[in-house]
Structure formats: structure tokens, C-alpha cells
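Here is how the chains run, residue by residue.
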Amino acid sequence: YSNFVDNLRVYVRGGTGGMGYPNLGGEGGRGGDVWFVARERTTLKSIREKYPQKRFVAGTGANSSVKALKGEKGKDCEVHVPLGISVLDDAGKQIGELNAAGERFLAARGGLGGSLATNFLPCKGQRRTVHLDLKLIADVGLVGFPNAGKSSLLSKISHAKPEIANYAFTTIQPELGKIMYADYKQISVADLPGLIEGAHANKGMGHKFLKHVERTKQLLLVVDISGFQLSIKTQFRTAFETILLLTKELELYKEELVTKPALLAINKMDLPCAKHNLDELMTQLENPQDFLHLLEEEIVPASTLEFREVIPISTYTGEGIEELKTCLRKSIDEQAEQVNEEYQKKKLLLLQTSK
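Residues numbered from 1 in each chain as written. Predicted model: local features only at pLDDT ≥ 70, side-chain atom pairs only at ≥ 80, totals over all residues. Heavy atoms only, no water.

For the protein chain, an unreviewed UniProt entry supplies the name GTP-binding protein 10 and the organism Anthoscopus minutus. For the protein chain, the Sequence similarities (unreviewed entry) comment in UniProt is given as "Belongs to the TRAFAC class OBG-HflX-like GTPase superfamily. OBG GTPase family." Annotation of the protein chain in UniProt includes, under Subcellular location (unreviewed entry), the sentence "Nucleus, Nucleolus". (UniProt positions renumbered as here; feature names shortened; annotations may be inferred.)

Right, here's the structure in full:
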């Protein structure tokens with residue numbers, strides 16, 4: 001992943017409480033808390049560079065005194081984290097998540113100040129090690145094998161400038177771009193590192209890639225019409241087999257990924273024989289069950305993806321790019337409308353039951 005950081009292990013400790021004042025029954029101030037606060041334009045890499053020791057400790061509560069019987073609370077420690085963060089404990093259990101700017105998570109609580117209940121002795125703050133796990137949030141996630149043309153497509157439809165070359169693994173870190181429409185609507189698109197066969201078992205970039213797919217609203221599969229072969233040691237796959245393999249990898253990692261709304265972009269339509277290959281592929285996609293018996297059992301997914309749209313494109317000539325942008329907009333708008341309708345139905349149901 002080179003310079004891209006999507007997981008960080010940090011130590012957090014709440015502040016110790018202040019001393020109580022036994023003679024006058026004074027209470028020490030509570031220790032400060034450690035908070036994670038979601039903030040835009042923040043990265044895990046910047047946190048690591050700014051705090052190389054990755055330790056966050058809140059302030060100690062003030063002692064009780066004759067002048068101030070109730071000691072002041074210790075200073076809180078706020079750590080700005082990117083959006084899309086899951087907070088995990090050392091056992092790997094998720095204890096919180098931050099998806100929107102301004103959301104806060106209490107990472108370590110400060111200790112109580114000394115009082116009659118504690119014999120006027122202060123308590124230590126909570127301390128633990130937590131993992132900050134980033135999953136990119138995007139409207140659309142580009143899914144495809146290496147060299148399918150995902151980076152080229154992202155550069156065509158957005159202002160992103162991903163690295164593009166003619167070797168297989170060009171994308172070694174996620175790239176985020178935004179499609180801008182005439183009415184100022186924006187759709188965020190994530191180009192994620194290329195899958196390979198066995199990614200669900202953590203081969204290649206495996207889970208580092210697949211976990212980012214979880215937070216995207218929709219999938220856009222990008223497939224080379226002429227097929228795909230990673231190297232001379234691996235088997236050649238047709239466009240139809242490529243689609244099935246991509247579906248299988250998503251399914252084996254997490255079944256819910258296959259239920260996401262999906263579109264299919266058939267790339268490299270400028271190549272010779274592309275039209276013939278496309279006709280063949282469309283026949284296979286219309287009745288996939290008729291062709292599954294010809295393939296190895298291990299690459300056949302339990303259920304095939306239902307594509308909302310199939311768009312032939314060429315990132316080289318620009319063919320189909322505008323149509324693809326229109327289809328993405330339509331699909332995202334329809335999904336938002338559907339979610340809104342479901343929300344309204346739930347609210348109505350709650351009102352009826354409460355009456």
C-alpha cells in the first residue's frame with residue numbers, strides 16, 4: 001500500500017482524578033477524557049506523522065483545595081480522525097465507528113477525583129490499546145482485475161489523477177475521485193487496488209482491498225472485453241469468467257457485498273473483435289445458468305450479480321463515458337429515493353403503533 005495508511009494502533013489513557021481534601025470534604029476534579037473526533041481532510045498517515053509515539057493521554061483533574069473545594073476537570077484530549085473509521089479493541093471487536101464529520105467516540109474515560117467514597121484518593125483513568133481501521137466511504141466502488149482500465153476510467157470521469165501504466169498492478173493504493181454534474185451534483189468514486197483470484201483468502205492485496213468495498217453504496221464492475229490473464233503461469237479468463245470470478249471473490253469475503261446495487265462497464269471496446277466478444281458476452285449474461293456447467297465449480301458463485309445497466313465503453317476513445325456517467329447518476333438517485341421511501345414507511349409505522 002506504500003504511503004497509504006488504513007490501519008493504526010494507538011494507546012489511549014484517560015487522565016487521573018485530582019486529590020480530595022479530607023478535612024473539608026472537598027472533591028478532586030475528574031480526569032480528562034480521550035475522544036476521537038471525525039474530521040474531513042484528515043488521514044491516518046498525518047496522525048502517525050504528527051504523533052510518532054501514537055500515545056494519547058488526557059489531563060489530570062485538579063486537586064481540591066481550600067480555595068476550590070471542587071477541583072476542576074482535567075483537560076480532554078481530542079484526536080482528529082478521518083471519516084469512515086472503525087474503532088476496534090485489541091481482540092478485534094468493533095467498539096465504535098465514525099462516519100460523519102463531527103461524530104465523536106469516547107476512547108478512554110478519565111478517572112474519578114478523590115472524594116468521601118474513595119477515601120479522598122483519586123482513581124486512575126481508563127487505559128487501553130485500540131485499532132483505528134479505515135474503510136473508504138464512496139458512492140461507487142470500482143471493482144475489477146488488474147489492468148481492466150479502472151484507473152483510466154476514473155481519470156476520464158473525474159478530476160482524479162491516478163497513476164496509469166500498461167503493467168498489471170498500477171493501483172497500489174485507493175484513489176478517490178468525484179464526478180461533477182451540470183447541476184452541481186457530485187458522486188464520489190473509489191478506484192480500489194485490483195483484485196486477483198484468491199483475494200478473499202488474503203492473497204495479493206486481499207482484505208486490504210475488499211474491506212473498502214464494504215462502505216461503498218454501489219459497485220461498478222470494470223471488465224476487459226478481451227479477457228484477462230495475470231501472468232503466463234495463471235489461466236486465461238474470458239470476460240464472462242472474469243465477472244463470475246469477481247462475484248465469487250466478493251461473495252467469499254462477505255455475502256452482503258453481492259446484494260449491493262451493481263453496474264457493469266465493458267471496457268476496451270476499441271480493440272479488434274470487441275463487437276463479436278460483446279455479442280457473445282451479452283448472450284451469456286442474459287442466461288448465465290446455460291453456461292455455468294462449462295466452468296470449473298470453484299469459480300461459480302452461489303448467486304450471480306444482477307446488473308442495473310451494462311455499458312460498453314472505451315477509456316481510450318471516450319466511447320460510452322458520458323452514458324456511463326448518466327447511468328451512475330440515475331442509479332444513485334434511484335437508490336436514494338428508495339432509502340427515503342423506506343425511511344418514510346418506518347416513520348409512518350412507528351406513528352401508527354404509538355397511537
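Moving on from the model shown.
(A) Summary view of the overall build of the protein chain. When you go through the protein chain residue by residue, the secondary structure sums to 6 helices and 14 strands. In the protein chain, which comprises 355 residues, the proportion classed as buried is 48%. Considering only intrachain contacts with a sequence separation of at least 6, the fraction spanning at least 24 residues in the protein chain is 72%. By element, 51% of the accessible surface of the protein chain is carried by carbon and sulfur atoms, the whole surface being about 18,700 Å². (Helix = DSSP H or I, 4+ residues; strand = E, 2+ residues; numbered from the N terminus. Buried < 20%, exposed > 50% of the residue type's maximum accessible area, 1.4 Å probe, protein only. Contact = heavy atoms within 4.5 Å. Areas by Shrake-Rupley, 256 points an atom, 1.4 Å probe, with all protein chains shown as cover.)

(B) Region of the structure containing the sheet that holds strand β4 (residues 77–81). Strand order in the open sheet made by the 3 strands is β4-β2-β7, with mixed pairing throughout. Because the sheet does not close on itself, it has two edges, and the strands there are β4 and β7 (104–108). Strand-to-strand twist of the sheet, defined as the mean angle between neighbouring strand axes without regard to direction, takes the value 30°. For strand β2 (residues 34–38) and β4, the ladder comprises 5 bridges, and the chain directions are parallel. If you follow Trp35 over to β4, its bridge partner there is Glu78. (Pairing = 2+ DSSP bridges. Axes fitted to C-alpha atoms, helices over the stretch in contact; angles between N-to-C directions.)

(C) Structural context of the sheet that holds strand β10 (residues 175–180). Pairing is mixed across the open sheet formed by 6 strands, whose spatial order is β10-β11-β9-β12-β13-β14. Looking at the sheet topology across the chains shown, the edges are occupied by β10 and β14 (307–312). Between one strand and the next, the sheet's axes are offset by a mean angle of 25°, whatever the strand orientation. In the sheet, β10 pairs with strand β11 (residues 186–191) via 6 bridges, with the strands oriented antiparallel.

(D) Spotlight on the pairing of strand β9 (residues 138–143). With 6 of 6 residues buried, β9 lies mostly within the body of the structure. Two strands pair when backbone bridges link them, and β9 and strand β12 (residues 216–224) are joined in this way by 5 bridges, in the parallel orientation. Counted as the bridge partner of Val140 is Gln218 from β12. Across 3 bridges, the pairing between β9 and β11 is parallel. Within β11, the position partnered with Val140 by the bridge is Val189.

(E) Representation of the packing of helix α4 (residues 239–253) against helix α5 (residues 274–286) in the model. Across the interface, α4 lies against α5 with an axial gap of 9 Å and an inter-helix angle of 40°. Relative to α5, α4 is oriented oblique. Here Ala239, Phe240 and Ile243 of α4 come into contact with α5, specifically with Leu281, Gln284 and Leu285. Looking at the contact of α4 with α5 residue by residue, the class counts come to 5 nonpolar, 1 polar and no charged. (Parallel < 35°, antiparallel > 145°, perpendicular 65-115°, else oblique. Nonpolar A, V, L, I, M, F, W, Y, C, P; charged D, E, K, R; others polar.)

(F) Local environment of the environment of Ser115. Tracing the backbone shows Ser115 in the loop between β7 and β8 (127–134). Given the relative accessible area of 13%, Ser115 is considered buried. For the pair Ser115 and Tyr21, spaced 94 residues apart in sequence, the C-alpha separation works out to 7.7 Å. Here Ser115 is in contact with Glu27, Phe120 and Leu121, once residues within four sequence places are set aside.

(G) Representation of the packing of aromatic side chains within the structure. Counted by the stated rule, this structure contains 4 aromatic pairs. Relative to Phe56, the ring of Tyr51 has its centre 4.9 Å away and its plane inclined at 70°; by these criteria the two rings are edge-to-face. Overall, the relative accessible area of 32% leaves Tyr51 in the partly exposed class. Judged by relative accessible area, Phe56 falls into the buried class, the value being 4%. Ring centres of Phe240 and Phe291 lie 6.3 Å apart, and the angle between their planes is 70°; this geometry places the pair in the edge-to-face category. Of the two residues, Phe240 sits in helix α4 while Phe291 sits in the loop between α5 and β14, which places them 51 residues apart along the sequence. (Phe/Tyr/Trp six-rings, centres within 6.5 Å; stacked < 30°, edge-to-face > 60°.)

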